[in-house]
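# Architecture at a glance
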Amino acid sequence: MRKWLLVALVLLMVVSVLGKVKIVYWQYYFETKVKAIDELIKEFQKLYPDIEIEHVTFPYETFNEKVAASVPAGTGPDVVNLYYGWIPKYVTSGYLQPLPKSDFSDQYFEENFFPFVAKGVEFLGERYAVPIAVRSLALFWNKDLFKQAGLDPEKPPRTLQELVEIAKKLTKYDKQGNIVQAGLATQPSGQGHHWIREVLVRQFGGQPYSDDYRKVLYQNAPEALKFYTDLITVHKVGYPGFMNDDITAFVSSSAAMNIDGSFRIAALKKAGLNFGVAELPEHNGIKSNFASFWANAITKNATGPKLDAAIKFIKFLASEKVMEFWLDAVGELPANPKVAQKYYNDPIYGPFLKGLEYAHATFFVDEKEQRQVIMDAVDKVWLKGVPPEQAFREAAEIEQRLLDEFWKNVGK
Amino acid sequence: MKLRQKKILTAYLFLALPLFFFVFIRFYPMLSAFYMSFTNWNILSPKKDFVGFSNYVKIFSDPVFRIALFNTLKYVLLGVPSVIVVSLFLALLLNNMIRFRSMYRLIYVMPYITPMVATSWVWRWMYQRPPAGIINNILNALGLPTRGFLMSTTEALPSIVVTTVWIEIGYCVLIFLAGLQNIPKEYLEAARVDGANRRQLLFRITIPLLNPVIVFLSVIETIIFLRIFTQVYNMTDQGSGGPLNSTKPLVLYIYQKAFKSFDMGTAAAATVVLFAIILTITIFQLKVLNRNVQY
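Read on for an overview of the structure. Computed from a predicted model, the values in this text were never measured in an experiment.

## A closer look at the packing of helix H17 (residues 367-384) of chain A against helix H18 (residues 388-410) of chain A
All names here are of chain A. The N-to-C vectors of H17 and H18 enclose an angle of 165°; their axes lie 9 Å apart at closest approach. As the angle between them shows, H17 and H18 are arranged roughly antiparallel. Considering the relative orientation of H17 and H18, their crossing is right-handed. Facing H17, whose interface residues are Glu369, Gln370, Val373, Ile374, Ala377, Lys380 and Val381, H18 presents Pro388, Ala391, Phe392, Glu394, Ala395, Ile398, Glu399, Leu402 and Leu403. Partitioning the contact of H17 with H18 into residue classes produces 11 nonpolar, 1 polar and 4 charged.

Here is the structure:
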């Protein structure tokens, strides 16, 4: 009798294990993110007891290599967290599957995300990922340095004009004319290239690319580059590499203002800096911003019940409740305007969230090369004295070749 | 089996292990890099299509590759002679020292044994403009104009060469000292008795006898400068080899193509080119410099 009971018990266990679907989730290692996802997996498994999620992390630096190694081996994850800019590369490599339209309709995107998200995850007419959180740019200013310069520490510049005027007042030089305190940090290799490309170009009446991001158009608004390089060469309020980089300069109170992303908030708070956050200065009444995000996508590994489980999981991660939790736990901005609304009056998060409403997420085919192009344009102007018009034109030519090459290889 | 045969067999068995290691860890990846240079593999894609020589055509028509190639040669031409001359000079000084010799030796070797990333960052900070950089601060205090160093398209590469020479000196001095100590004292004494002056002693006896050491070091240092990477990666903004590619060496070009743009085919083609350059230069050096000196 006892034997039978034992057999029945074992059978029951086997059935319950077999009934469970297990999916693998990959993300890079970032302590707060890892902890948050572990929490969320617990919550998710309470909702769906028949789904088990294995959470795997590895260093950011090895992300692409790790993914590359897993593809031929067929051992990769079912759900992967990736930078939106990598989607084209991952799709053309046959790594991701499009999100099923039944679960992720146009309406779903409209209702749940800022508009740039749907565009950012789209490639060749299909959408591939959904984010939990997003990032945008804002102007950080050091209140103590404002006070020292006799400026109102609660009044950051609102327009580009004011930005230049205030930056000039905040810049200090030594006897030989070297900058010892920058009014505004300028670092194209940091967030500067985004500011030039998606913000300044639009503010000076241009458009960085054609709507489908296949044609480079920023060269038509050379005033954008001129405005940026004038900060370095004419107004002399900062230069690339001052105190090594913009972040070091701002954290060490050597730069009074900086344009940086929302992901910097935690570090600045930790540094004990007395800083404020403002929306990016506008120009001619035009506001613009650059947004970017990491998103969860489903790989080709997930089929059948695994695919269903993966869909449930990424939808759960993009839910309003999770976004609120994520803002508290990780400090990244909610990707859903409804959730974001609640934080609009937050002095730190508010300006970033408002910026999201008019933000654009650049479609990158090769983020590194496309950043280099802008960095080089700035360097040409301030190190070589090339006129901004020419530098921008040359940059556009190089980048256009890059885009053409990419689309030629995609074959569409 | 005879004992002799057994011995031979055992030897082969023991030798097989490192051979196995070399074949699979060294030669196999090398050969596969050759193969890879003929494909259009991007790191993520499982498929590798054969594209013939198009990667080679692509890199040679890429102005950035040509700049990187040229920069690499600049590193070698500026770096290798400087390292050899400076370290020989220091070794000669150290060789004549009796007190504190080991302390000085330690000081010179220290940069070499410090992790290169750390050394690079210290130099990067020293090269900063005021108020951060110590070199410019000294210039400033002396009332001299400050310099761009790493922030200048013309000064950045020589600045990195200086750092590298500073790192490499330790190793070269040690090897030179060993070489100097191998020179029989009798030769020098005999020459002195014959009335040779110090200049003659140096150029007629010491340096010719150091020839094997000089050959060895110039080959090693040439390879080191041809493969320069860590310094440039750590001393330039975002590891870009800038400003405006003025410091980008071949290895950095390869690294960026492979792991930033995932263009493995192009990267492999550039690797093959680098390999060919290193091979040619090394053979040339061994042939030309390693002539036997007759006395």
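## Some points on the pattern of salt bridges
Within this structure, the stated rule accounts for 22 salt bridges over all chains. As a salt-bridge pair, Glu394(A) and Lys380(A) come within 2.8 Å of each other at their nearest N and O atoms. One end of the pair, Glu394(A), is in helix H18; the other, Lys380(A), is in helix H17, and 14 residues separate them in sequence. Owing to a relative accessible area of 25%, Glu394(A) belongs among the partly exposed residues under this scheme. For Asp263(B), the salt bridge is made with Lys58(B), and the minimal N-O distance between the two is 3.1 Å. With Asp263(B) in the loop between helix H12 (250-260) and helix H13 (264-289) and Lys58(B) in helix H2 (residues 54-60), this pair connects stretches of sequence that are 205 residues apart. A network of salt bridges, in which partner residues are shared, links Lys33(A), Arg135(A) and Glu332(A).

## Considerations on the pairing of strand E12 (residues 289-292) of chain A
All names here are of chain A. Both faces of E12 are covered, namely the face carrying Asn289 and Ala291 and the face carrying Phe290 and Ser292. The pairing of strand E7 (residues 133-142) with E12 spans 2 bridges and is antiparallel. Across the sheet, the residue bridging to Arg135 is Ser292, located in E12. Relative to strand E15 (residues 359-360), E12 runs parallel, the two sharing 2 bridges. Note that in E15 the partner of Phe290 across the bridge is His360.

Scoring rules and cut-offs
- Residues numbered from 1 in each chain as written.
- Chains lettered and ligands numbered in written order.
- Predicted model: local features only at pLDDT ≥ 70, side-chain atom pairs only at ≥ 80, totals over all residues.
- Heavy atoms only, no water.
- Axes fitted to C-alpha atoms, helices over the stretch in contact; angles between N-to-C directions.
- Helix = DSSP H or I, 4+ residues; strand = E, 2+ residues; numbered from the N terminus.
- Parallel < 35°, antiparallel > 145°, perpendicular 65-115°, else oblique.
- Left-handed = near helix turned anticlockwise from the far one by under 90°.
- Contact = heavy atoms within 4.5 Å.
- Nonpolar A, V, L, I, M, F, W, Y, C, P; charged D, E, K, R; others polar.
- Salt bridge = Lys/Arg side-chain N within 4 Å of Asp/Glu carboxyl O.
- Buried < 20%, exposed > 50% of the residue type's maximum accessible area, 1.4 Å probe, protein only.
- Pairing = 2+ DSSP bridges.

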